[in-house]
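A look at the structure
The residues making up each chain are set out below.
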Amino acid sequence: MSQGKKVGFYTLGCKMNFSETSTIAREFEAGGFCRARRGEPADIYVVNSCSVTEHADKKCRNLVRRLIRENPRALVAVTGCYAQLRPRELASIEGVDLVVGNGDKGSLFERIASMRSKGETVVHGCEADELTSFFAAFSTGDRTRSFLKVQDGCDYRCSYCTIPLARGASRNLPIADLVAEAERIAAGGRREIVLTGINTGDFGKTTGERFVDLLRALDGVRGIDRYRISSIEPNLLSDEVNAFTAASEKFQPHFHIPIQSGCDRILGLMRRRYNTTKFAEMEGWNAESDAANLLSGLGIKEDLHYMYMKDLSGKQKVRVLLARALFGQPDNLLLDEPTNDLDLETVSWLENYLSNFEHTVLVVSHDRHFLDSVCTHTVDIDFGKLQLFAGNYSFWY
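Read on for a plain summary of the structure. Keep in mind the model is a prediction, meaning the values are calculated, not measured.

**Side note on the sheet that holds strand β7 (residues 146–149)**
Pairing is parallel across the open sheet formed by 3 strands, whose spatial order is β7-β10-β11. Lying at the two open borders of the sheet, with one neighbouring strand each, are β7 and β11 (226–229). If you compare each strand with its neighbour and ignore which way they point, the axes differ by 30 degrees on average. Judged from the 4 bridges that link them, strand β10 (residues 192–196) and β11 form a sheet pairing that is parallel. Counterpart to Val194 in the pairing with β11 is Arg228. Lying on the sheet, helix α8 (residues 211–219) is in contact with β10 and β11; it crosses β11 at an angle near 160 degrees.

**Focus: the sheet that holds strand β2 (residues 34–35)**
As summarised here, the arrangement of the 6 strands in space is β2-β1-β3-β4-β5-β6, forming an open sheet in which the pairing is parallel. Single-partner strands in this sheet number two, and they are β2 and β6 (122–124). Alignment of strand β4 (residues 75–80) against strand β5 (residues 98–100), held across 3 bridges, turns out to be parallel. When the bridges of β5 are listed, Ala77 appears paired with Leu98. Contacting β1 (6–11), β2 and β3 (44–49), helix α1 (residues 15–30) runs over the sheet at an angle of about 170 degrees to β1. Those strands touched by helix α2 (residues 54–70) are β1, β3 and β4, and its axis lies near 175 degrees from that of β3.

**Notes on helix α14 (residues 344–355)**
Under the 1.5 Å per step criterion, the end-to-end length of α14 is 16 Å for 12 residues, consistent within 8% with the ideal 16 Å. Three or more residues of α14 are buried, namely Thr346, Val347, Leu350, Glu351 and Leu354. Burial along α14 is one-sided: seen end-on, the buried residues are contained in an arc of 140 degrees. Along α14, exposed side chains directed more than 90 degrees from the buried face belong to Leu344, Glu345 and Asn352. Lining the buried residues of α14 we find α13 (314–326), β12 (332–336), β13 (360–364) and α15 (368–374).

**Some thoughts on the pattern of salt bridges**
For the structure shown, the criterion picks out 24 salt bridges. One salt bridge connects Lys6 with Glu40, and the closest N-O pair in it is separated by 2.4 Å. Placement of Lys6 in strand β1 and of Glu40 in the loop between β2 and β3 is noted, with a sequence separation of 34 residues between them. Judged by its relative accessible area of 33%, Lys6 falls in the partly exposed class. Given a relative accessible area of 17%, Glu40 falls into the buried group. Salt-bridge contacts for Lys205 lead to Asp202; the nearest nitrogen and oxygen are separated by 3.3 Å. Each of the salt bridges in this network shares a partner with another, and the network as a whole consists of Glu20, Lys105, Lys149, Asp152, Arg167 and Arg171.

**Some words on the side chain of Asn172**
Counting through the fold element by element, Asn172 comes out in strand β9 (residues 171–172). For Asn172, a relative accessible area of 7% translates into the label buried. At a separation of 2.9 Å, a polar atom in the side chain of Asn172 contacts the main-chain amide nitrogen of Gly204. Polar side-chain contacts of Asn172 include one of 3.1 Å to the side chain of Thr207. If near-sequence neighbours (up to four positions away) are discounted, Asn172 is found in contact with Phe134, Val150, Gln151, Phe203, Gly204, Lys205, Thr206, Thr207 and Glu209.

**Let's talk about the pairing of β4**
Here β4 lies mainly inside the structure; 6 of its 6 residues are buried. Where burial is concerned, the two faces of β4 agree: the one with Leu75, Ala77 and Thr79 and the one with Val76, Val78 and Gly80 are both buried. The handedness of the β3 to β4 crossover, carried by α2, is right-handed.

**Thoughts on the nonpolar core**
Core analysis: the largest hydrophobic core is formed by 34 residues, its most contacted members being Leu148, Leu195 and Tyr227. Among the secondary structure elements, those contributing two or more residues to this core are α7 (175–187), β10, α8, β11 and α9 (239–247). Excluding residues within four positions of it along the chain, Tyr227 makes contact with Ala182, Ile193, Leu195, Leu218, Asp219, Val221, Lys250, Phe251 and Gln252. Core analysis: the next-biggest nonpolar cluster, separate from the first, contains 23 residues, Leu12, Cys60, Val76 and Val99 among them.

**Regarding a nonpolar patch on the surface**
A surface patch of nonpolar side chains, about 450 Å² in accessible area, is lined by Val379, Ile381, Leu386 and Leu388. If you list the elements that add at least two residues to the nonpolar patch, you get β14 (377–382) and β15 (385–390). When you line up the elements, Leu388 lands in strand β15.

**So, the packing of aromatic side chains**
For the structure on display, the rule yields 10 aromatic pairs. Judged by centre distance (5.6 Å) and plane angle (65 degrees), the ring pair of Phe244 and Phe251 falls under edge-to-face. For Phe244, a relative accessible area of 15% translates into the label buried. By way of ring pairs, the aromatic residues Phe9, Phe28, Phe33 and Phe109 are connected into one cluster. The ring of Phe138 has Arg26 sitting right over it, with the charged end atom 4.2 Å from the ring centre. Taking the ring centre of Phe134 as reference, the NZ or CZ of Lys149 above it sits at 4.7 Å.

Calculation rules
Residues numbered from 1 in each chain as written. Predicted model: local features only at pLDDT ≥ 70, side-chain atom pairs only at ≥ 80, totals over all residues. Heavy atoms only, no water. Pairing = 2+ DSSP bridges. Helix = DSSP H or I, 4+ residues; strand = E, 2+ residues; numbered from the N terminus. Axes fitted to C-alpha atoms, helices over the stretch in contact; angles between N-to-C directions. Contact = heavy atoms within 4.5 Å. Expected span 1.5 Å × (residues − 1). Buried < 20%, exposed > 50% of the residue type's maximum accessible area, 1.4 Å probe, protein only. Arc of directions from axis to C-beta. Salt bridge = Lys/Arg side-chain N within 4 Å of Asp/Glu carboxyl O. Polar contact = N/O pair within 3.5 Å; in protein donor to acceptor, adjacent residues only side chain to side chain. Right-handed = clockwise from strand over helix to strand, strands pointing away. Core = buried A, V, L, I, M, F, W, Y, C linked by side-chain atoms within 4.5 Å. Patch = residues over 30% accessible without salt bridge, like charges linked within 9 Å, V, L, I, M, F, W, Y side chains within 5 Å. Areas by Shrake-Rupley, 256 points an atom, 1.4 Å probe, with all protein chains shown as cover. Phe/Tyr/Trp six-rings, centres within 6.5 Å; stacked < 30°, edge-to-face > 60°. Lys NZ or Arg CZ within 6 Å of the ring centre and 35° of its normal.

Below is the structure:
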């Protein structure tokens, strides 16, 4: 396939899929292809699929059919977990040219570049026990932070989960290779990295290394100011990892720790490797209690705590959004046009709340009265230069 053609990339699912799509996109760009903007017609479409739920499969099929309908001459390739688990299902969609499972994801660029035109659907797949290679990946260009893939696959056999079949056994790159990847990210100007994987805390199965040693090594990479750890299982969050992240200036002391059920019987039937006692030992229940207290303190009645956002009124939504922003106890609170579509009563409440907020509030707004009520300083932006002046909006303008 000739160079200079436009390629559109679509990612469904997890952060790791996002890192892999970004890496594939860089291969295309290095090979002389142009990356199409979101929604822009392209000569080639690459869809990196998810298959965590039946809804994810349906979402992928709908996306693929829409791309084919909008541009029937484009070459369409589908990879990812759906392509690994049910390749023939995707291949049966008229207009799909290439289906590549996770085992061959790293060869996607070469396979597409060698194709001359649309034709018979080609499928490249393998069985789960053949998923042994590691496709090194990290994201660039799309966001200010980079997602670095440190682990792939899962050895857990939870009763409801297809991930071991879609991703294979737990495996990883050596620590030295991942440090080199982080250095490449730093050289590209990124300052924040999110460590991601299928079962991130299970790092080390193929190299005999420890997750905490990976953290220590990455902590020494120059140019990276901040690290975050994506979802990690409660049974894999060791005291040593906790102690290290608490002491590190770069690793953020925040973990996303999942619990699939609050019932030990259900967790047992799921074959999860933790129970509610383990979660309680980590003070996991406190988060729900803290969130409830915060919502109540902002005037959201208890009977509203479990409602969907779409069912709340505007005055209720702004309080919930404020609670979400305050949950992490931030030192700085940034609000972008906070009074849009609010009634006067709610605006007055927000003004009063922010006037008594003990930390720094940064407000971007066209509401002059609101700015006068809550702001004590004004920032002027002139050709990229920031200047701070004491006094509210009316004082200066």
